[in-house]
Amino acid sequence: MADPLQLGFTDYEQIYAKKRTRRQRFLDEMEATVPWEAFLALIEPVYHKPSSKGGRPPIPLEVMLRIHLLQQWFTLSDPLMEEMLIDTPCFRRFAGIETMDGRIPDETTILNFRHLLEEHRIAEQILEGVNQMLSERGVMLREGTILDATIINAPSSTKNKAKERDPDMHSVAKGKQWFFGMRCHIGVDAASGLVHSVESAAANVHELNTAAERLHGDERLIYGDAGHIGIEKRNDFQDCEAEFRIAMKPGQRRVLPETPEGRLLDLIETAKAHFRAKVEHPFRIIKCQFGFRKVFYRGIRKNDLKLKLLFALANLWMVRERIPDSA
């Protein structure tokens, strides 16, 4: 614990308060769950080394990584992240920044670190590393996959520097409503509900077009909603030995006859829907808990990398009580 003489009143009050805030409880749980050494090992080879010519030393890598994860969990822009580090003692403590003699990174430093991770596609490596760790610990069984997708909205306004909407984003109709943005396609482990594959595309790209990329190849069962009807007829799945359990179209299910056969089909569809419900949990975490309801950046690539990191963190959040010694 930090020396009380080095703390301001707000820091002292929060450290010794009897009641922990919800935010502090969340950070304590993630502190114990995130495999810090593994994450640092992925970034360390590409992180800036101290210059032999002197000058200002770089911010320690672990501090920058912790700040970057705070950005993901609380949906903070680079300028707002800097302000939150100044204003919020629990953020400073989590990042490892001492109040009196520590140096708080400015928004440009935070921006440059994010660009470094994007350049080397560290988010993809983190997702792969987390899933490998969960597989080795027997949490992710990889015997079946649930396929699904969700739309992430993008600003449709042209009041920007380019005077145009993001050319990578597109419009799509869902029901009787139109959406503009991108579509996040995921493959979820059928047993644990953990995300093992993430593919991003414009909102008008059909789910079947990314289905093959969302499978790891060892599945015995493949589940999907009505948007995946006909998947077994695609060229990519001609030699697939897995059993497909795809939902019936809602319109067809509504007109099932009141006969023993019709009631049996309805029970089968209910069972499929109950099993597929696991795929909604990761979406709920990144949208409701992490706040990623709208795209953060222009273009598919940057948002895809952000989504991969968010789902890796969502996986850790979902198993936090089962791997408390992972750090």
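Each remark here, short or long, concerns the structure printed above.
We now turn to the structure provided with this report. (Residues numbered from 1 in each chain as written. Predicted model: local features only at pLDDT ≥ 70, side-chain atom pairs only at ≥ 80, totals over all residues. Heavy atoms only, no water.)

## A word on unusual backbone geometry
Backbone geometry at Thr75 places phi at a positive 50 degrees, although glycine is not the residue there. Inspection of the secondary structure puts Thr75 in the loop between α4 (61-74) and α5 (78-87). With a relative accessible area of 23%, Thr75 lands in the partly exposed category. Despite not being glycine, Arg142 shows a phi value in the positive range, around 60 degrees. Residue Arg142 is classed as partly exposed on the basis of its relative accessible area of 27%. (Helix = DSSP H or I, 4+ residues; strand = E, 2+ residues; numbered from the N terminus. Buried < 20%, exposed > 50% of the residue type's maximum accessible area, 1.4 Å probe, protein only.)

## Here we look at α4
With 14 residues, α4 should cover 20 Å at 1.5 Å per step; its first-to-last C-alpha distance of 20 Å lies within 8% of that length. Burial analysis of α4 places 12 of its 14 residues in the buried class, the great majority of the element. Of the residues making up α4, those classed as buried are Leu61, Val63, Met64, Leu65, Arg66, Ile67, His68, Leu69, Leu70, Gln71, Gln72 and Trp73. Within two residues after α4, Thr75 carries a phi angle of roughly 50 degrees, on the positive side. (Expected span 1.5 Å × (residues − 1).)

## So, the environment of Cys90
Relative to the helices and strands, Cys90 is located in helix α6 (residues 89-95). The class for Cys90 is buried, based on a relative accessible area of 5%. Note: C-alpha distance between Cys90 and Thr21 (69 residues apart in sequence) is 9.7 Å.

## Looking at the packing of helix α3 (residues 36-43) against helix α8 (residues 122-136)
Viewed as axis vectors pointing N to C, α3 and α8 meet at an angle of 145 degrees, and their least axial separation amounts to 10 Å. For the element pair α3 and α8, the recorded crossing hand is right-handed. When α3 is examined against α8, the residues Phe39, Leu42 and Ile43 are found in contact with a partner set consisting of Ile122, Gln125, Ile126 and Val130. Of the residues contributing to the contact of α3 with α8, the split by class is 6 nonpolar, 1 polar and no charged. (Axes fitted to C-alpha atoms, helices over the stretch in contact; angles between N-to-C directions. Left-handed = near helix turned anticlockwise from the far one by under 90°. Contact = heavy atoms within 4.5 Å. Nonpolar A, V, L, I, M, F, W, Y, C, P; charged D, E, K, R; others polar.)

## Re a negative patch on the surface
Residues Glu83, Asp87, Asp106 and Glu107 make up a contiguous surface patch of negative charge. Take Asp87: it is sitting in helix α5. (Patch = residues over 30% accessible without salt bridge, like charges linked within 9 Å, V, L, I, M, F, W, Y side chains within 5 Å. Areas by Shrake-Rupley, 256 points an atom, 1.4 Å probe, with all protein chains shown as cover. Salt bridge = Lys/Arg side-chain N within 4 Å of Asp/Glu carboxyl O. Lys, Arg positive; Asp, Glu negative; His and termini not counted. Charge placed at Lys NZ, Arg CZ, Asp CG, Glu CD.)

## Here we look at the pairing of strand β2 (residues 170-174)
Judged from the 5 bridges that link them, β2 and strand β3 (residues 177-189) form a sheet pairing that is antiparallel. Paired with His170 across the strands is Gly181, a residue of β3. Connecting β2 to the antiparallel partner β3 that follows it, the hairpin turn spans 2 residues, and Gly175 within it adopts a positive phi of roughly 70 degrees. (Pairing = 2+ DSSP bridges.)

## Regarding helix α2 (residues 22-33)
Over its 12 residues, α2 runs 17 Å from end to end, which matches the ideal 16 Å to within 8%, given 1.5 Å per residue. Packing partners of the buried residues in α2 comprise α3, α4, α6, α11 (280-289) and α12 (300-318).

## Structural notes on the packing of aromatic side chains
In this structure the tally under the stated criterion is 11 aromatic pairs. Relative to Trp317, the ring of Phe26 has its centre 5.2 Å away and its plane inclined at 45 degrees; by these criteria the two rings are tilted. Highlighted residues: Phe26 in helix α2 and Trp317 in helix α12, separated in sequence by 291 residues. You can call Trp317 buried: its relative accessible area is 11%. For the ring pair Phe237 and Phe244, a centre distance of 5.9 Å and an interplane angle of 85 degrees mean the geometry is edge-to-face. Exposure remark for Phe237: the relative accessible area of 5% places this residue in the buried category. Ring pairing ties together the aromatic residues Phe26, Trp36, Trp73, Phe74, Phe91, Phe94 and Trp317, which thus form one cluster. Taking NZ or CZ as reference, Arg66 lies 5.1 Å from the ring centre of Phe94, over its face. Its guanidinium or amino end placed over the ring of Phe296, Lys306 lies 4.7 Å from that ring's centre, counting from NZ or CZ. (Phe/Tyr/Trp six-rings, centres within 6.5 Å; stacked < 30°, edge-to-face > 60°. Lys NZ or Arg CZ within 6 Å of the ring centre and 35° of its normal.)

## A word on the pattern of salt bridges
Pairing of side chains with opposite charge becomes possible as their charged atoms draw close. Per the stated rule, a full pass over the model turns up 13 salt bridges. A salt bridge links Asp78 to Arg114; its shortest N-O distance comes to 2.8 Å. Taken as a pair, Asp78 in helix α5 and Arg114 in helix α7 (residues 107-119) lie far apart in primary sequence, 36 residues in all. The buried category is assigned to Asp78, whose relative accessible area is 10%. Where Glu243 meets Arg245, a salt bridge forms, and the shortest distance between an N and an O atom there is 3.1 Å. Connected through shared salt-bridge partners, Asp78, Arg114, Glu118 and Lys302 make up one network.

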